[in-house]
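Single-letter residue listing:
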Amino acid sequence: MIRLSKSKILSHQQCPKRLWLENNRPDLIEEDVSSAMAMASGHEVGEVARRLFPGGIMIDADNLAQAILDTRDAVETYPNKPIYEATFQHEGVLVRADILLPKKKGSYSLIEVKSATSVKDYYYHDIAIQSAVTEASGINLEHIELAHIDNTFIYPGNSDYQGLLKRVDVSYQVQSLKSLVPTWVQAARDTLSSAEPEMAPGHQCNNPYSCPFQGYCNPLDLSSFPVELLPGIREKVVQELKDQGFLDIRCIPPGILMNERQELVRRATSTGQPVFNLNATQELMDKLSYPRYFIDFETINPAIPLWQGSRPYQQIPFQWSCHIQGKNGELRHESWLASGHSDPRKEFAETLIAAVRSRGPILVYNAAFESSRLRELADHLPILAEQLRAIIERIVDLLPITREHYYHPEMRGSWSIKAVLPTIAPELSYANLAVADGGMAQDAFYEILEPCTEESRKEQLRLQLLEYCERDTLAMVRLANFFAGEK
């Protein structure tokens, strides 16, 4: 009999090929920073959940056979105590329940803990497998619950997380699904006992989770420009284009695409030449006075709030970079990075206000992000609110200017700064940086926050973060110069 875990069955439901590859070709798994961060958040939320239901028995044996025995012993010996990571197996299917909470004599509530902020439809399949195996193992479940993060929770400090989790009874929704679990199990086993499934890349690759085998199933071919690269294109339109035989953007004739931005991408890709309205960008740049301030923020958004007065998943800024350009082209750089010892928001705001002074345009790339962070800081720090809101009034966003007036085929449907920069200043590549994107920056700062991280390692991470954020604002300087017709 092929043994299965809950996660294996769920992988099969997303895509049979994913399960087959997980089992037979784990060497093809591609590391994904966002998935790793989500998993880490899940572990942290699980730890907090256990503190909210204290006095329980932790089943932590690495050996699964021992974990099953330890669970059985905990149920018999401590009937009035919660059990964490209760481990059960039935007919070759293994599950570990986040929390079994004792109710009236001999019955429990099964509580599945999620780091999301709402109940997702696909969680019902997850919990159906969990509860079906638990009940088949002889546990009487009075209630089946899902505990998710309440994003209205405001952390009062002092490690008090009462109210962080919202408990939802999902017994009714799960009840009808439990009878389908044997069918799901058999389908997964059938897949694993067969050859590698033939599955074309599609909607399932990122639904409900990003699949770690996308590089294998759909390798990037830089010599082609698939229609999926067209910005904002819907799946239905992609399929319609393919049905007409248009697999590559360069094959699409004029007059087919009604979306202006998609047509711009088609035109540039078909000719192999960038589209650039220099006159328009020069006119826009000429209107900007000096000094010019180019700023960029880095943030973390922990599931478990770290600082008093913050909410789950709130974007907390911990670093800024600012290049300051004078009228004669002189350039200087200022920056700030939190120490990691305390709430960074007040010092972040104070140092930024001092850096950008009181006059001159403040250039960013994607103003919605920086403006939102500044508004949140203004709400949190009333004493600085007027100055922070004044900064927002001075912001000039380079992203819409770029979208409206510039596109290079090698941007491959994206206007992110990291897609644009290699086409105008390839020497400013991020490839040589130890921290090369926002996800890596978050990871680095989380590591700095860890008490067990050695000081020498923290200093190394700080230098890497400073170098990365400086590159972001230097990239904007180069972009602004390019739009002004300067080299």
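K.L.:
Looking at this model, I keep getting lost on the packing of aromatic side chains. Mind explaining?
P.N.:
The description of two aromatic rings rests on the distance between their centres and on the angle between their planes. This model, assessed by the stated rule, comprises 14 aromatic pairs. Relative to Tyr209, the ring of Tyr122 lies with its centre 5.5 Å away and its plane at 75°, an arrangement referred to as edge-to-face. Highlighted residues: Tyr122 in the loop between strand E5 (107-113) and helix H5 (123-136) and Tyr209 in the loop between helix H7 (181-192) and helix H8 (214-217), separated in sequence by 87 residues. The class of Tyr209 is partly exposed, set by a relative accessible area of 41%. Measuring from centroid to centroid gives 5.4 Å for Tyr406 and Phe482, while their planes differ by 80°, and the two rings are edge-to-face. One end of the pair, Tyr406, is in strand E14 (residues 406-407); the other, Phe482, is in helix H18 (residues 455-483), and 76 residues separate them in sequence. Through a chain of ring-to-ring contacts, three or more aromatic side chains come together here, namely Phe276, Tyr406, Phe482 and Phe483.

K.L.:
So what exactly am I meant to see when it comes to empty space enclosed by the protein here?
P.N.:
Any empty space left between atoms is shown by rolling a water-sized probe over those atoms. Summed over the entire model, instances satisfying the criterion amount to two cavities of 30 Å³ or more. Its volume calculated, the largest cavity comes out at about 90 Å³. Taken together, 13 residues make up the lining of the largest cavity; nearest its centre are Cys15, Gln204, Cys205, Cys211 and Cys217. Secondary structure elements with two or more residues in the lining of the largest cavity: helix H2 (16-24) and H8. Its residues assigned to classes, the lining of the largest cavity comprises eight nonpolar, three polar and two charged. Roughly 40 Å³ of volume is contained in the second largest cavity. Together, Gln314, Gln315, Pro317, Arg345, Arg373, Glu376, Leu377 and His380 line the second largest cavity.

K.L.:
Would you mind showing me how to read H2 here?
P.N.:
Helical periodicity: at 3.6 residues per turn, an α-helix aligns residues three or four positions apart in one direction. Those residues of H2 not exposed but buried are Lys17, Arg18, Leu19, Trp20, Leu21 and Glu22. Buried residues along H2 sit against helix H1 (6-14), H7 and H8.

K.L.:
I'm lost on helix H14 (residues 385-393) in this one. Help?
P.N.:
Within the sequence span of H14, burial applies to Ala385, Leu388, Ile391 and Ile392. Across the axial projection of H14, the buried residues extend over an arc of 120°, all falling on one side. Those residues of H14 that are exposed and angled more than 90 degrees off the buried face are Glu386 and Glu393. The inward-facing, buried residues of H14 contact helix H12 (345-356), strand E12 (362-364), helix H13 (367-380) and strand E13 (395-397).

K.L.:
Got a minute to help me understand the pairing of E5 in this structure?
P.N.:
In regular strands, side chains alternate between the two faces of the sheet. Most of E5 is tucked away: seven of the seven residues are buried. In this structure, strand E4 (residues 93-102) lies alongside E5, joined through four bridges in antiparallel fashion. Bridge pairing in E5 links Pro102 to Tyr108. What sits between E4 and E5 in their antiparallel hairpin is a turn of four residues, with Gly106 showing a positive phi close to 85°. Bridge analysis of E5 against strand E6 (residues 140-149) gives seven bridges, and the strand direction is parallel. Of the residues in E6, the one forming a bridge with Ser109 is His143. Each parallel crossover has a hand, and the one from E5 via H5 to E6 is right-handed.

K.L.:
Is there a simple way to explain the pattern of salt bridges in this structure?
P.N.:
Side-chain pairs of opposite charge can arise whenever the charged atoms involved come near each other. Inspection of the entire model under this criterion finds 23 salt bridges. A salt bridge links Arg373 to Glu376, with the shortest nitrogen-to-oxygen separation between them at 3.0 Å. Of this pair, Arg373 and Glu376 both sit in helix H13, three residues apart, roughly one helical turn. Judged by its relative accessible area of 9%, Arg373 is buried. Residue classification places Glu376 among the partly exposed positions, given a relative accessible area of 24%.

K.L.:
Teacher, can you tell me more about the layout of surface pockets here?
P.N.:
Looking at the second largest pocket, its volume works out to about 1,000 Å³. Together, 23 residues line the second largest pocket, and Pro201, Asn218, Pro226, Glu228 and Lys242 are the ones closest to its centre. For the lining of the second largest pocket, the leading source of residues is helix H9 (residues 235-243), giving four residues. Of the residues assigned to the lining of the second largest pocket, the class counts are 10 nonpolar, seven polar and six charged.

K.L.:
Explain the side chain of Arg189 here, please?
P.N.:
With respect to the helices, strands and loops of the structure, Arg189 is situated in helix H7. For the buried residue Arg189, which engages in no salt bridge, the nearest side chain bearing the opposite charge is Glu91, 6.0 Å off. From its side chain, Arg189 meets the backbone oxygen of Glu91 in a polar contact 2.7 Å long. If sequence neighbours within four positions are ignored, Arg189 has contacts with Met1, Ile2, Leu4, Glu91, Gly92 and Val93.

K.L.:
Please clarify how the nonpolar core should be interpreted in this entry.
P.N.:
As a rule of thumb, soluble globular proteins bury nonpolar side chains together. With 84 residues, the main nonpolar core has Leu352, Tyr365, Leu374, Leu388 and Leu465 as its most contacted residues. With residues near it in sequence (within four places) discarded, Leu465 still touches Phe318, Gln319, Leu337, Val435, Ala441, Ala444, Phe445 and Ile448.

Quick notes on the rules
- Residues numbered from 1 in each chain as written.
- Predicted model: local features only at pLDDT ≥ 70, side-chain atom pairs only at ≥ 80, totals over all residues.
- Heavy atoms only, no water.
- Phe/Tyr/Trp six-rings, centres within 6.5 Å; stacked < 30°, edge-to-face > 60°.
- Helix = DSSP H or I, 4+ residues; strand = E, 2+ residues; numbered from the N terminus.
- Buried < 20%, exposed > 50% of the residue type's maximum accessible area, 1.4 Å probe, protein only.
- 1 Å grid on protein atoms, 1.4 Å probe; cavity = no way out; pocket = protein on both sides within 12 Å on 5 of 7 lines; lining within 4 Å.
- Points joined across faces, edges and corners; volume = space filled by probe spheres on them.
- Nonpolar A, V, L, I, M, F, W, Y, C, P; charged D, E, K, R; others polar.
- Contact = heavy atoms within 4.5 Å.
- Arc of directions from axis to C-beta.
- Pairing = 2+ DSSP bridges.
- Right-handed = clockwise from strand over helix to strand, strands pointing away.
- Salt bridge = Lys/Arg side-chain N within 4 Å of Asp/Glu carboxyl O.
- Lys, Arg positive; Asp, Glu negative; His and termini not counted.
- Polar contact = N/O pair within 3.5 Å; in protein donor to acceptor, adjacent residues only side chain to side chain.
- Core = buried A, V, L, I, M, F, W, Y, C linked by side-chain atoms within 4.5 Å.

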